[in-house]
Amino acid sequence: MTESMIWWSIAIYLLIAVGIAFLSRQGPAESMSGYFLGNRQMNGFVSALSYSATTYSAFMMVGLAGLTYAGGVGALGFEIIYFAGVSLVAVFGPRFWAVGKKFGFVTPSEMLGHRYNSKHVAMAVSIASCIFLIPYSAVQLAGVGYLLEGMTDGAITFTTGVVMATVIAVFFSYIAGIRSVMWTDSLQALMMIVASTLVAFLVIQGLGGFSGLFGTLATEHPASLSVPGPGLFSLVTFLGLSIPWFFFSLSNPQVSQRLFMPSSLRSMRQMLIGFLVFGFIYTLVSVLWGFSALAAFPDLARADLATPALLASDFIPPVLGVIVMIGIMAAAVSTIDSIMLTLASMLSRDVYANAKTGVDEKRQLLMGKIVVPVIALLALGFAELQLDLIAVLSVAASSGLVAMVPAIIGAFYWKRGTAAGALASVVGTSVFVLVMYATGNSLLGLPAGIWGIFVSTFLFVGVSLATKPHKASADVFLSAISEELGRKKRAPVSAPSSQKAAV
């Protein structure tokens, strides 16, 4: 696999992806909803592929494979916990969709600000999301850097890969907002799942089939097939990584914002089912990659080099290796795109518009577009730190974002929740997690990933019980859910609105 082959492959991918992005445009997006939510008219198939490409980014094929390489079968258990957490979308997804349609919410933070009748809640959630998601964006950029550097033995440097991914992400974001991102996601997701599965079978075949692979692991690396594994995982470490991951679909705004986008509840169901099928296959493939790299290359300098080592090996035809590399790079770019657009919408809608009176929709949209490259540059700077273990860094971001979970659950299921409780939970837990990571990430022997959900719940419930709720906003919010969902249940199955959803 030559450097020129990789560059030509990237060029061909960009040509196809840019063409798809431009074809996705439906005229200039002149509203926040149009640019950041695709006018709430995304169908189930595109939503499922985009949700998959955004969620399963560099974390999976680089991060989860690396985590399996370093920690063994515990990595599969860790990811299965995330899968269990996706059930939260089945519970909260229709409620997000209903209030988004009723009140025109663009961001999850705007929704919380409305529910608790507090601009400060919306602003706090937005700022906290930026603090934790910019490092998570950097993780995606670092994944591209490690991938290109590892596959070319350093001919393409880490910095070159990171800068290229940043430029591509900003460009795609500007073409048509979320529509261009979702349509290019669909291309990327299909390419990822087909090529990566084929590669997994080729590598395993080269290692002597499944019996040969697991026979080698059982003989040479028996700890990787047992719990707690070769040393990375202990019960405390496993829980510290898994608990934040369980709440990922609610706590990460770039994911929960997707719940506003489907054209109907039917499209949302299709999105969820498609995502679960895609995710199950992709999880098994990523873990098999990690095990295969451990059997074939047991002495790698860094666990995150497991995937690059496999793709550059003799087990895989160069053309197929390059296709998978492009798929992983594209998935990382997709996640960065989604994070940039989500944070830009939150900063313009919930910080800028709330801090300054008289800001209309067009000025919010302009500010959102200005913020996108700023977020990208901050993520680029963080990625250049080249911190190890992508999977651990990804979960560290979710440890902070779990601060939003009690306020989100309370918004839908606890009328007694107050703005003061939500504010204390978000701000207090965010500060707590940052202090934990700054001082060694251990309190009474437990990491922030375990403490976060308990601290945020304690603050939300305790402060809410000590303060007075805004009953009117809670009643309006909850009655809107009953009204919207009740109307959908009464509607005939063949309702035109669900059949004629714009793609």
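Residues numbered from 1 in each chain as written. Predicted model: local features only at pLDDT ≥ 70, side-chain atom pairs only at ≥ 80, totals over all residues. Heavy atoms only, no water.

S.K.: Tell me about the overall build of the protein, and please be specific about residues and values.
M.R.: Across its full length, the protein carries 24 helices and 0 strands. Taking 503 residues into account, the globule formula puts the C-alpha radius of gyration at 23 Å, and the protein, at 22 Å, falls close to it. Considering only C-alpha atoms, the protein reaches an extent of 65 × 55 × 45 Å along its principal axes. In the protein, the 26 positive side-chain charges and the 20 negative ones have mean positions that sit 22 Å from each other. (Helix = DSSP H or I, 4+ residues; strand = E, 2+ residues; numbered from the N terminus. Rg over C-alpha atoms; globule rule 2.2 N^0.38 Å. Lys, Arg positive; Asp, Glu negative; His and termini not counted. Charge placed at Lys NZ, Arg CZ, Asp CG, Glu CD.)

S.K.: How would you sum up the nonpolar core? Please name residues and give values.
M.R.: Ranked by size, the top nonpolar core spans 161 residues in total, and within it Phe 96, Met 111, Trp 289, Leu 311, Met 325, Phe 412 and Phe 477 carry the most contacts. Sorting elements by how many residues they give to this core places helix H17 (residues 318–355) first, with 20 residues. (Core = buried A, V, L, I, M, F, W, Y, C linked by side-chain atoms within 4.5 Å. Buried < 20%, exposed > 50% of the residue type's maximum accessible area, 1.4 Å probe, protein only.)

S.K.: Please give an account of the pattern of salt bridges that cites residues and values.
M.R.: One pass over the structure, following the stated rule, counts 5 salt bridges. Taking the shortest distance from any N to any O, the salt bridge between Lys 102 and Glu 483 comes out at 3.4 Å. Of this pair, Lys 102 sits in helix H6 (residues 87–103) while Glu 483 sits in helix H23 (residues 471–490), and the two are 381 residues apart along the sequence. Given the relative accessible area of 38%, Lys 102 is considered partly exposed. (Salt bridge = Lys/Arg side-chain N within 4 Å of Asp/Glu carboxyl O.)

S.K.: Kindly report on helix H18 (residues 361–383), identifying the contributing residues and their values.
M.R.: Compared with an ideal rise of 1.5 Å per residue, which puts 23 residues at 33 Å, H18 spans 33 Å between its outermost C-alpha atoms and is within 8% of the ideal. Turning to H18, its buried residues are Gln 364, Leu 365, Gly 368, Val 371, Val 372, Ile 375, Ala 376, Ala 379, Leu 380 and Ala 383. (Expected span 1.5 Å × (residues − 1).)

S.K.: A description of the side chain of Ser 345 should follow, citing residues and the corresponding values.
M.R.: By secondary structure assignment, the location of Ser 345 is in helix H17. According to the relative accessible area criterion, Ser 345 is buried, its value standing at 0%. A polar side-chain atom of Ser 345 sits 3.2 Å from a polar atom in the side chain of Gln 257. Not counting chain neighbours up to four residues away, the residues in contact with Ser 345 comprise Met 32, Phe 36, Val 106, Thr 107, Gln 257 and Asp 350. (Polar contact = N/O pair within 3.5 Å; in protein donor to acceptor, adjacent residues only side chain to side chain. Contact = heavy atoms within 4.5 Å.)

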